[in-house]
Amino acid sequence: MPGHLGPGRRHTTHGASLLGRVPRRWVIERSFAWLGRYRRLLKNYEYLAENSESAVYLATIMLSLHRVAVPT
């Protein structure tokens, strides 16, 4: 692939490439880890995309309610 730098590499203004971290990527990775605890989301069992989307919404609602209800 022309122009493909690989994971974690970005173009700079003067044409060189830098290896660097994507800002705030850990937030996304942590969120996916939290959602990975729900068995229904580990595989795509649903035939319709709307049902899969509803399962993700349900999991995020459960995570939010758990964070509100359980004091840390």
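Residues numbered from 1 in each chain as written. Predicted model: local features only at pLDDT ≥ 70, side-chain atom pairs only at ≥ 80, totals over all residues. Heavy atoms only, no water.

1. With respect to the overall build of the protein chain
Let me state the cut-off plainly: To qualify as a helix, a DSSP run of H or I must reach at least 4 residues; to qualify as a strand, a run of E must reach at least 2; elements of each kind are numbered from the N terminus. Whether a residue is buried, partly exposed or exposed follows from its accessible area with a 1.4 Å probe, protein chains only, as a fraction of its type maximum: under 20%, in between, or over 50%, in that order. By the convention used here, residues are in contact when the closest approach between their heavy atoms is within 4.5 Å. Throughout, the Shrake-Rupley method with a 1.4 Å probe supplies accessible areas, and for residues the shown protein chains are the sole cover considered.
When helices and strands are counted, the protein chain shows three helices and two strands. Along the chain direction, N to C, the helices and strands of the protein chain fall in the order β-β-α-α-α. Here the protein chain holds 72 residues, and 7% of them are scored as buried. In the protein chain, 22% of the contacts between residues at least 6 apart in sequence involve partners at least 24 apart. Of the roughly 6800 Å² that the protein chain leaves accessible, carbon and sulfur atoms contribute 61%.

2. Looking at the pattern of salt bridges
Side-chain pairs of opposite charge can arise whenever the charged atoms involved come near each other. The test is simple: Salt bridges are defined as contacts in which a side-chain nitrogen from Lys or Arg sits within 4 Å of a carboxyl oxygen from Asp or Glu.
Taken as a whole, this structure holds two salt bridges when the rule is applied. The residue Glu-29 makes a salt bridge to Arg-25 at a minimum N-O spacing of 3.3 Å. With Glu-29 and Arg-25 both in helix 1 (residues 25-35) and four residues apart, this pair spans about one turn of that helix. Put simply, Arg-40 and Glu-46 hold a salt bridge, and the shortest N to O gap is 2.5 Å.

3. Digging into a nonpolar patch on the surface
Put simply, the rule is: Patch membership requires more than 30% relative accessible area and the absence of a salt bridge. Residues of like charge join within 9 Å; the nonpolar side chains Val, Leu, Ile, Met, Phe, Trp and Tyr join within 5 Å.
A cluster of nonpolar residues, Tyr-57, Ile-61 and Leu-65, forms a patch on the protein surface that exposes about 340 Å² of accessible area. Considering the arrangement of structural elements, one finds Leu-65 in helix 3 (residues 49-69).

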